[in-house]
Amino acid sequence: MGKKRLFDIKFLKFLLVGIINTIFGTGIMFLLYNLASFGYWGSSAVSYILASILSFFLNKNFTFKNSESTVKTALRFTVNIAVCYLVAYSISKPIVTRILTNTSLSKSIVEQFSMFLGMVMFTALNYVGQSFFAFREK
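This text gives an overview of the structure that appears in the document. (Residues numbered from 1 in each chain as written. Predicted model: local features only at pLDDT ≥ 70, side-chain atom pairs only at ≥ 80, totals over all residues. Heavy atoms only, no water.)

### A few points about helix 1 (residues 9–35)
To keep things clear, this is the line we draw: In DSSP terms, a helix is any run of H or I states spanning at least four residues, a strand is any run of E spanning at least two, and both are numbered starting from the N terminus. One less than the number of residues in a helix, times 1.5 Å, gives the span that helix is expected to have. Relative accessibility thresholds used throughout: buried, under 20% of the residue-type maximum; exposed, over 50%; partly exposed, between the two (1.4 Å probe, protein chains only). Any two residues whose heavy atoms approach within 4.5 Å are treated as being in contact.
Here helix 1 contains 27 residues, and its C-alpha end-to-end distance of 38 Å stays within 8% of the 39 Å for a straight helix at 1.5 Å per residue. Those residues of helix 1 that fall on the buried side of the exposure criterion are Lys10, Phe11, Lys13, Phe14, Val17, Asn21, Gly25, Ile28, Met29, Phe30, Leu32 and Tyr33. Buried positions along helix 1 lie against helix 2 (39–63), helix 3 (70–99) and helix 4 (107–134). Of the residues one or two after helix 1, Ser37 is the one with positive phi, at around 55 degrees.

Put into structure tokens, the structure is as follows:
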């Protein structure tokens, strides 16, 4: 058995799905935040729920070609998404707030920077979680 490369075809497929999801989810998140006043947690949560549904089906069938029961994989996927979301967004807001605390930026701008950092952190955590937990190979 050969060594597993960091940038294998699954990773590239994951990135492609991620780009699609990022465009979809980011659009929803910032529209809800700026136009519907859903706030930091509401807009990020709704966008992640909707983008996660899209991500599940794309990653299960395209990226990881997982043939396991949809129910089993969906449960692991849901746990992974929830943990990654809570960790990423709970950490990003205090980090950005601390960094930007002595600036004249509005709360809205600080929260949007926080959401962006949360997206970056979530993506990294999510790839690891999907690879080794949600769609793990037997």
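Structure shown, so let's carry the discussion forward.
### Considerations on the packing of aromatic side chains
Convention followed: Classification of ring pairs uses Phe, Tyr and Trp, with its six-membered ring standing for Trp, and accepts pairs whose centres are within 6.5 Å; under 30 degrees between planes counts as stacked, over 60 as edge-to-face, and the remaining range as tilted. Charge-over-ring placement is defined geometrically: NZ (Lys) or CZ (Arg) within 6 Å of the ring centre, and within 35 degrees of the ring normal.
Under the defined criterion, the tally for this structure stands at 14 aromatic pairs. Ring geometry for Phe11 versus Tyr127: centroids 4.9 Å apart, planes at 85 degrees, classification edge-to-face. One end of the pair, Phe11, is in helix 1; the other, Tyr127, is in helix 4, and 116 residues separate them in sequence. Using a relative accessible area of 13% as the deciding quantity, one classes Phe11 as buried. In this structure an aromatic cluster arises from ring pairing among Tyr40, Trp41, Tyr48, Tyr85, Tyr89 and Phe122. Geometry around Phe62 places Lys13 over its ring, the cationic atom sitting 5.0 Å from the centre.

### Focus on the pattern of salt bridges
Selection criterion: Whenever a carboxyl oxygen of Asp or Glu lies within 4 Å of a side-chain nitrogen of Lys or Arg, that contact is scored as a salt bridge.
Under the criterion given, the structure shown has 3 salt bridges. Its salt-bridge partner being Glu111, residue Lys93 comes within 2.9 Å of it at the nearest N-O pair. Residue Lys93 is located in helix 3, and its partner Glu111 is located in helix 4; the two are separated by 18 residues in the primary sequence. Exposure remark for Lys93: the relative accessible area of 23% places this residue in the partly exposed category. Residue classification places Glu111 among the buried residues on the basis of a relative accessible area of 7%.

### Topic: the nonpolar core
Going by this rule: By convention a nonpolar core is built from buried Ala, Val, Leu, Ile, Met, Phe, Trp, Tyr and Cys residues, the set being connected through side-chain atoms within 4.5 Å.
Of all hydrophobic cores here, the largest spans 21 residues; its most connected members are Tyr89, Met115 and Phe122. Among the elements of the structure, helix 1, helix 2, helix 3 and helix 4 are those that each provide at least two residues to this core. Broken down by element, the residue count for this core peaks at 6 residues, all from helix 3.

### A look at the layout of surface pockets
We count it as follows: In this analysis the probe radius is 1.4 Å and the grid spacing 1 Å, with only protein atoms considered; a cavity is a set of points the probe fits into but cannot get out of, a pocket is an open set with protein on both sides within 12 Å along at least five of seven lines, and lining residues have an atom within 4 Å of a point. Grid points are joined across faces, edges and corners, and a volume is the space filled by probe spheres set on the points. All amino acids are sorted into three groups, where Ala, Val, Leu, Ile, Met, Phe, Trp, Tyr, Cys and Pro are nonpolar, Asp, Glu, Lys and Arg are charged, and the leftover types, Gly among them, are polar.
Approximately 420 Å³ is the volume found for the largest pocket. Lining the largest pocket are 23 residues, and of these Gly18, Asn21, Thr22, Phe122 and Thr123 sit closest to its centre. Among the elements of the structure, helix 1, helix 2 and helix 4 are those that each provide at least two residues to the lining of the largest pocket. In terms of residues, the lining of the largest pocket owes the most to one element, helix 1, which gives 10 residues. Across the lining of the largest pocket, the residue classes break down as 12 nonpolar, 11 polar and no charged.

Note that every value here comes from positions in space, so none of it alone points to a role or purpose.
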